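Tertiary structure, described
What follows is each chain in one-letter form.
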Amino acid sequence: MGVTDRQRVVQRLKETFAWRETPGGIFADLSGWWRDAEVLRLLGPALAGLHADPPGTPAPTVVAGIETRGLVLGPLTALHLGVGFVEIRKDHRTSGDPLRRDANDPMLRAETPPEYQDGGLTLVAPRRLFGPGDRVLLVDEWIETGAQANAVRRMVGESGAEWAGVAVIVDASESKVGERLGVRGLVREDDLDETA
Ligand SMILES: O=P(O)(O)OC[C@H]1O[C@H](OP(=O)(O)OP(=O)(O)O)[C@H](O)[C@@H]1O
C-alpha cells in the first residue's frame, strides 16, 4: 500500500467515525466505517502493511481475530497477506456450540484478569489451528488495556507459535502496553476528533 492510500484510509476513518452521547455515556460509533466502501477496500491492505514495520520483519503465516470486530477485520487482512485466518471466540458465547465441547478437539484457552469487563473473559481457539513454525498476527479494531490481546499472546505462546504483534485500527493503549504486545495502529484515539 502506498503512502497515499494509507493517508486516504486514515482520512476516511476520521471522516466516518462518530462519538455518540447516550444515557450510558459517550461511545465510539464505528458503523460508519463498515458502511464506507472505500474504508472497506483500503482497510485490509492498510492493516496488513502495518506489520511490515520495521522493513524486513518476517511475514505472518496466519492472522487471528477476536470476536466481534476481529472476525471482520482479520479476514480482510489475511486476504491481503495471502494467509489463513483463525477465529478467537469468547467462551461464554460458545456454550451452545457442540464443536467447542468436543474432547477430541482440544482448545487453547486464556483468561483476562478477573476485573476486566466485570468478571473477566476467557478466550478460546482450537489448538490444531496454529503451532510451531507459525507467526500469528492479531488484528482488531481497537486496543486499550491490552487484556484481550495479551490473552491471545499467551495462547499463541502455549501453542509453540511465534507472536507477530497486533495490527489495529485505533491504538488507545499506553506505550508500555503497546511495546510489550507489538501494537501498530492506523490512528491513535486522540486523532479521532471528539467534535467530528
Ligand atoms: O485492549 P482491551 O482493553 O482488551 O480492549 C480491546 C478489546 O475490546 C474490544 O472488544 P469487545 O470485548 O468490546 O468486543 P465486542 O464487540 O464483542 O463486545 C476490542 O474489539 C478489543 O478486542
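Cut-offs applied
- Residues numbered from 1 in each chain as written.
- Predicted model: local features only at pLDDT ≥ 70, side-chain atom pairs only at ≥ 80, totals over all residues.
- Heavy atoms only, no water.
- UniProt positions renumbered as here; feature names shortened; annotations may be inferred.
- Helix = DSSP H or I, 4+ residues; strand = E, 2+ residues; numbered from the N terminus.
- Rg over C-alpha atoms; globule rule 2.2 N^0.38 Å.
- Contact = heavy atoms within 4.5 Å.
- Areas by Shrake-Rupley, 256 points an atom, 1.4 Å probe, with all protein chains shown as cover.
- Pairing = 2+ DSSP bridges.
- Axes fitted to C-alpha atoms, helices over the stretch in contact; angles between N-to-C directions.
- Core = buried A, V, L, I, M, F, W, Y, C linked by side-chain atoms within 4.5 Å.
- Buried < 20%, exposed > 50% of the residue type's maximum accessible area, 1.4 Å probe, protein only.
- Near = heavy atom within 4 Å.
- Polar contact = N/O pair within 3.5 Å; in protein donor to acceptor, adjacent residues only side chain to side chain.
- 1 Å grid on protein atoms, 1.4 Å probe; cavity = no way out; pocket = protein on both sides within 12 Å on 5 of 7 lines; lining within 4 Å.
- Sits in = over half its atoms within 2 Å of the grid points.
- Salt bridge = Lys/Arg side-chain N within 4 Å of Asp/Glu carboxyl O.
- Points joined across faces, edges and corners; volume = space filled by probe spheres on them.
- Nonpolar A, V, L, I, M, F, W, Y, C, P; charged D, E, K, R; others polar.

As named in an unreviewed UniProt entry, the protein chain is Phosphoribosyltransferase family protein, taken from Yinghuangia aomiensis. Listed under Subcellular location (unreviewed entry) in UniProt, the entry text for the protein chain is "Cytoplasm".

For the protein chain, the count of helices and strands is 6 helices and 9 strands. Relative to the 2.2 N^0.38 estimate, which gives 16 Å for 196 residues, the radius of gyration of the protein chain is 17 Å and therefore close to what a compact globule would have. If one aligns the C-alpha atoms of the protein chain with their principal axes, the spans along those axes are about 50 × 45 × 30 Å. Considering only contacts within the protein chain whose residues lie at least 6 apart along the sequence, 63% involve residues at least 24 apart. As presented, the protein chain carries roughly 10000 Å² of accessible surface, and 50% of it is formed by carbon and sulfur atoms.

This next bit is on the sheet that holds strand 4 (residues 84-90). As summarised here, the arrangement of the 7 strands in space is 5-6-4-3-7-8-9, forming an open sheet in which the pairing is mixed. Each edge of the open sheet is held by one strand with a lone partner, namely strand 5 (107-111) and strand 9 (183-188). Adjacent strand axes in the sheet meet at a mean angle of 25 degrees when their direction is disregarded. Where strand 4 meets strand 6 (residues 122-126), 2 bridges bridge the pair, whose relative direction is antiparallel.

A few words on the nonpolar core. The tendency in soluble globular proteins is for nonpolar side chains to be buried side by side. Counting 27 residues, the largest nonpolar core has Leu13, Trp33, Leu43, Leu47, Trp142 and Ile169 as its most contacted members. Among the secondary structure elements, those contributing two or more residues to this core are helix 1 (3-15), helix 3 (37-50), helix 4 (70-81), strand 7 (135-143), strand 8 (162-171) and strand 9. A per-element tally of this core places helix 3 first, with 6 residues. When near neighbours in sequence (up to four residues on either side) are disregarded, Ile169 contacts Leu13, Trp33, Trp34, Leu43, Leu47, Leu73, Asp140, Glu141, Gly185, Leu186 and Val187. Grouped together as the second largest cluster of nonpolar side chains are 25 residues, Leu108, Val152, Ala161 and Val183 included.

Next up on the list: the site of the ligand. As a structural note, the neighbourhood of the ligand is formed by 15 residues, with Thr68, Asp140, Glu141, Thr145 and Gly146 the closest of them. In this structure, Asp140 approaches the ligand through a side-chain N or O atom, which is 2.6 Å from an oxygen atom. Between an oxygen atom of the ligand and a main-chain N or O atom of Gly146, the distance comes to 2.7 Å. Judged by the proximity of its atoms to the pocket grid, the ligand belongs to the largest pocket.

Below, the discussion takes up the environment of Ile88. You can see Ile88 is positioned in strand 4. The buried category is assigned to Ile88, whose relative accessible area is 0%. Separated by 50 residues in sequence, Ile88 and Leu138 have C-alpha atoms that sit 9.7 Å apart. When sequence neighbours within four positions are dropped, the list of residues in contact with Ile88 reads Ala64, Gly65, Ile66, Glu67, Leu123, Val124, Ala125, Val152 and Met155.

In this section: the pattern of salt bridges. According to the stated counting rule, one finds 15 salt bridges in the structure shown. Between Glu67 and Arg93 there is a salt bridge whose closest N-O contact spans 3.8 Å. A residue pair is termed long-range when its members are at least 10 positions apart, and Glu67 in the loop between strand 3 (62-66) and helix 4 and Arg93 in the loop between strand 4 and strand 5 qualify at 26 residues. Between Arg69 and Glu141 there is a salt bridge whose closest N-O contact spans 3.5 Å. Separated by 72 residues along the polypeptide, Arg69 in the loop between strand 3 and helix 4 and Glu141 in strand 7 bring together distant segments of the chain. In this structure Glu141 comes out as buried when scored by relative accessible area, which is 12%.

In this structure, the largest pocket spans a volume of roughly 430 Å³. In terms of lining residues, the largest pocket is bounded by 20 residues, among which Tyr116, Gln117, Glu141, Trp142 and Gln148 are the most central. Among the elements that take part in the lining of the largest pocket, strand 7 stands out by supplying 5 residues, more than any other. Classifying every residue of the lining of the largest pocket gives 8 nonpolar, 5 polar and 7 charged.

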